[in-house]
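Residue-level structural notes
So you can see what is in the structure, the chains are spelled out below.
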Amino acid sequence: MKYGPWEPRIASDWQARPFDIHGLSGSRMANHSRPLSPHLQVYRPQLTTVLSITHRGTGLVLSAGLVAFVAWLLAAAAGPAALDSANAFFVSIPGRLLLAGLSFSFFYHLCNGIRHLVWDTGHWLEIPAVYASGWSVVAASIILTVAAWAVAWGLVGGAA
Amino acid sequence: MSRRTPLGRVLGLGSAKEGVGHWWTQRTSAVALVPLGLWFAVSLVLLASGGGLGYASVTAWIATPTHAVLLLLLLATACYHSVLGVQVVVEDYVGLGWAKVASLLLSKFAHALLAAAGMYAVLHVAFAGAPA
């Protein structure tokens, strides 16, 4: 592995040059001979950071999904024609993509949310536990999403 | 040296005790959403697998008293949890003061509208919409 996950990608850029403690060589903006505070884009993505931002992203997707949920309930309240229109949208290609995204977001946010709740009790905070629970969340959310669709389509389990 | 205000000392008050209110309510609603969300997901999957996403079966499902009550709880809890989450995202990423306030107001009004509309729909189906 070229970089450890904790090392900035541009590490060699400033390490190879003489240390300009006064930052006087070159213009202020173009001077990279001084150590820069490593910002988000210079880090190799890690499981921990990717899962963290995915939790936030899936949360926003689910917030948007509330609109679809309420629209579906309103359609059911409005009558058969309205619910048929709603169902026609949900089985269209954009509708299926929306439901696929919503279902994965739901299971991911659920599993990782439980991981967060365990952290809040002070457990699983050691690095090996963080990685083990992280990969478990990835596996569980994919398995649950696939399982839900398999049962919904009648591929698995008794279609009542 | 005490930093408490004279009024606070007279009234025997400490801190407002609401500093962790957002944190606690986000966790409380999260815990509630685990069973509520799982119940809704399983119900939806079973409805779909039974081929029952048409008007008659969906309204009959919503109108079942247990389902209607759980749907109302799900709507309230999900909207509450969502508004707290969106607030954190807005506070983290929206820099300008007026844009931040506007986004937070918009989010709160939108969530209140969603909660009210969703609850109205459930109650309408439960009390008036079930096919005779």
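Coordinates for the structure precede this section.
What counts as what
Residues numbered from 1 in each chain as written. Chains lettered and ligands numbered in written order. Predicted model: local features only at pLDDT ≥ 70, side-chain atom pairs only at ≥ 80, totals over all residues. Heavy atoms only, no water. Helix = DSSP H or I, 4+ residues; strand = E, 2+ residues; numbered from the N terminus. Rg over C-alpha atoms; globule rule 2.2 N^0.38 Å. Contact = heavy atoms within 4.5 Å. Buried area = accessible area lost by both parts, 1.4 Å probe. Nonpolar A, V, L, I, M, F, W, Y, C, P; charged D, E, K, R; others polar. Patch = residues over 30% accessible without salt bridge, like charges linked within 9 Å, V, L, I, M, F, W, Y side chains within 5 Å. Areas by Shrake-Rupley, 256 points an atom, 1.4 Å probe, with all protein chains shown as cover. Salt bridge = Lys/Arg side-chain N within 4 Å of Asp/Glu carboxyl O. Buried < 20%, exposed > 50% of the residue type's maximum accessible area, 1.4 Å probe, protein only.

Here the focus is the overall build of chain B. A tally of helices and strands in chain B yields five helices and zero strands. Helices and strands in chain B line up, N terminus first, as α-α-α-α-α. Over its C-alpha trace chain B gives a radius of gyration of 21 Å, far above what one expects of a compact globule, namely 14 Å for 132 residues. For the C-alpha atoms alone, the extent of chain B along its principal axes is close to 70 × 35 × 25 Å.

Below, the discussion takes up the interface of chain A and chain B. The interface of chain A with chain B comprises 29 residues on the first partner and 41 residues on the second. When the two sides are added together, the surface that chain A and chain B hide from each other amounts to roughly 2800 Å², 78% of it contributed by carbon and sulfur. Contributing elements (two or more residues each) for the side of chain A that touches chain B: α2 (47-78), α3 (80-90), α4 (93-120) and α5 (127-152) of chain A. Ranked by residue count, the leading element in the side of chain A that touches chain B is α2 of chain A, at 13 residues. For the side of chain A that touches chain B, a count of residues per class yields 23 nonpolar, four polar and two charged.

Another aspect to go through is a nonpolar patch on the surface. Residues and elements named next belong to chain A. Taken together, the side chains of Phe104, Ile142 and Val146 define a hydrophobic patch exposed on the protein surface, amounting to about 250 Å² of accessible area. When you line up the elements, Ile142 lands in helix α5. For Ile142, a relative accessible area of 44% puts it in the partly exposed group.

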